[in-house]
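# Structure assessment
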Amino acid sequence: MKESLEPSASEETAEEKAETVGALQEIVDENAEVVKDEASSTYAENAALTALPRAELDRFLADKFITITDPNKSNLRPITKFEYLPITDDKQLKPFANFKAPTPIQAAAWPFLLAGRDVIGVAETGSGKTMGFAVPCVRAISALPKKMRNMGPRAVIVSPTRELAVQSYDEIKKLTAVCGLEAVCVYGGVPKQEQRKLLKTADIVVATPGRLNDLIIEGFADLSKAAYVVLDEADRMLDKGFEEEIRKIINTTPAIGKRQTLMFTATWPESVRALAATFMQKPVKIAIGDNPSGDLRANTRIMQKVEVVDPRHKEWRLLQLLKEYSAGTKSEDRILVFCLYKKEATRVEIYIKGRGFRVAGIHGDLTQEQRSRALDGFKKGTTPILVATDVAARGLDIPDVQVVINCTFPLTVEDYVHRIGRTGRAGKQGLAITLFTEHDKAQSGALINVLKAANQEVPEELMKFGTTVKKKAHDAYGAFYKDTGDMAKTATKITFD
Ligand SMILES: Nc1ncnc2c1ncn2[C@@H]1O[C@H](COP(=O)(O)OP(=O)(O)OP(=O)(O)O)[C@@H](O)[C@H]1O
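The structure presented is a predicted model; accordingly, all values stated were derived computationally and were not measured.

Take the site of the ligand next. Close to the ligand lie 20 residues; Lys-129, Thr-130, Asp-397, Arg-422 and Arg-425 are nearest. Separating an oxygen atom of the ligand from a backbone N or O atom of Ser-127 is a distance of 3.0 Å. Here Asp-397 contributes a side-chain N or O atom positioned 2.6 Å from an oxygen atom of the ligand. Here the ligand has 640 Å² of accessible area as a free molecule, and 88% of this is covered by the chains.

Below, the structure is given as structure tokens:
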């Protein structure tokens, strides 16, 4: 091939292109930094909030059991009213029209998030964590100058299941709709084409890890400008079932210091804290609840009943409970029944259906269409009983679930707290009934602690299994229901039965 000192026309163009790309990349890196700086420099506290006596705000923090641990000790005032948000356009307050005030996690986290800080938010199930991380996200992006828009997603929110990703996306769309921003929901089990197209113009990506990594690898999801990274149900996203996929995603976002990283959950076990710290810069820890020890505790508005039963009698006892809690005027009450394994969920669903109950099932062996239909029927009340595995344990915000029944105890007591958290949401009361057997006795100590922390009755038969807390989580923890999207072809999915 002819050697030439002078680059040929095509080589020259390629060189020019490379220079242009390099220059663009610099702009992009600056942009990522500017987005982060923008957030921190643009949070000007509302004057009326500043005028409030500090003692009044300290009383608010105490009354709502809000604990803020900030390495920078910046002492930002909680945003106790929606009008204290730095939102000038009233349209943007519309999504909160039916709410009286920010929830404690929202009030405490918003100022730090608007100021660009990394935040770990730990608050009970059903306490508004979604809006807690979504409002500052939408605010930061909508405050960007026009020239910095349409350069790729500015925020990525990762959820452990498809249904939860869709639910968060629906919440976020209420905010983006009034700000002229675009969001996209990326999850497995459905065709990629539509997601690929929407990623081209999306400002915010809500995703499950498997499908998102697929689209990153294929070059359709570019998170290099996503300076706002949220792990929802963070402890689940950091357990060994997801850790690798999460690391891959975060590594494609701007570096620590050029991004804001948020972790929100109702349970924050010791086992994930060290790993979480590797992704964050001097995070502010915000915990809600009169739970100074920080030990695991369930939402105290949920009455927790535990029955120790013979494993062979569980399904018979479940039937009795369903008859009791769906009798007469309660026939439309929503009852969520949790099993541990997919085949068990199918068996229990058939068993219940055969006895005349209107019931549907949701678990990982079903198609996404079947899962969405089952959840829809449960929400609408056409099938007021839903039999689920832990794919429905976290995050799902189904209004008015009156009763949660644990037919089989979960692999961890954290999952127990999340499962029962499907009831008693947004300030309502709830009821959770758990069938506990000798097969679950390794978890008796941890369960007893959760019951005591929420001032619940501890049955004598449960005490007999002992009160010591076994630390080791079950090997399969977090892996067998996770939504790996199309990664399933490569990931070795653990399946049961
Ligand atoms: N400020 C508010 N006041 C009243 N209700 C609110 C407020 N913010 C959110 N909600 C409602 O509270 C319910 C629970 O919110 P959300 O699903 O975000 O809870 P969560 O803390 O994420 O729960 P989980 O831990 O189970 O994921 C939703 O129906 C939501 O619309």
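Attention shifts here to empty space enclosed by the protein. All chains considered together, the criterion is met by four cavities of 30 Å³ or more. Each pocket or cavity is described by its volume, and for the second largest cavity that value is around 60 Å³. When residues in the lining of the second largest cavity are grouped by element, the largest group, three residues, is from helix H5 (residues 129-142). Considering only residue class, the lining of the second largest cavity consists of seven nonpolar, one polar and one charged.

Where H5 contacts helix H6 (residues 162-176), the axes come no closer than 10 Å and their chain directions differ by 40°. Taken as axis vectors, H5 and H6 run oblique relative to one another. Both H5 and H6 take part in a crossing whose hand is right-handed. Between H5, through Thr-130, Met-131, Ala-134, Val-135 and Val-138, and H6, the contact on the second element is made entirely by Ser-168, Glu-171, Ile-172, Leu-175 and Thr-176. Across the contact of H5 with H6, the residue classes tally to six nonpolar, three polar and one charged.

Those places that UniProt annotates as "domain: Helicase ATP-binding" (unreviewed entry) correspond, in this numbering, to residues 110-286. Here residues 110-286 is 40% helix and 17% strand, with 11 Å between the C-alpha atoms at its ends.

The rules behind these values
Within every chain, residues take consecutive numbers counted from 1 along the sequence as written. A pLDDT threshold of at least 70 governs which residues receive local features in this predicted model, and a stricter bar of 80 or more applies before side-chain atom pairs are shown or counted, although totals over entire chains, interfaces and linings include all residues. Side-chain calculation: all heavy atoms of the structure are included, whereas hydrogens and water are not. Here a residue is considered near a molecule or strand provided that any single heavy atom belonging to it is located within 4 Å of it. Polar contacts here mean pairs of N or O atoms no more than 3.5 Å apart (in protein, one a potential hydrogen donor and the other a potential acceptor; neighbouring residues in sequence count only if both atoms are side-chain atoms). Each accessible area is a Shrake-Rupley estimate made with a 1.4 Å probe; only the visible protein chains count as cover when residues are assessed. Only protein atoms enter the 1 Å grid used here. Points where a 1.4 Å probe fits but cannot escape make up a cavity, open sets with protein on both sides within 12 Å along at least five of seven lines make up a pocket, and a residue lines them when an atom lies within 4 Å of a point. Grid points are joined across faces, edges and corners, and a volume is the space filled by probe spheres set on the points. Numbered from the N terminus, helices here are DSSP runs of H or I no shorter than four residues, and strands are runs of E no shorter than two. Only Asp, Glu, Lys and Arg are considered charged, only Ala, Val, Leu, Ile, Met, Phe, Trp, Tyr, Cys and Pro nonpolar, and every remaining residue, Gly among them, polar. With axes taken as lines fitted to C-alpha atoms, and helix axes fitted only over the stretch in contact, angles between N-to-C directions fall between 0 and 180 degrees. Should an angle fall under 35 degrees it is taken as roughly parallel, and over 145 as roughly antiparallel, whereas 65 to 115 is taken as roughly perpendicular and any remaining angle as oblique. It is the rotation of the near helix from the far one that decides the hand of a crossing: anticlockwise by less than a right angle makes it left-handed, clockwise makes it right-handed. In this description, contact between two residues means that some pair of their heavy atoms is separated by no more than 4.5 Å. UniProt positions are given in the numbering used here, feature names are shortened, and annotations may be inferred rather than shown by experiment.

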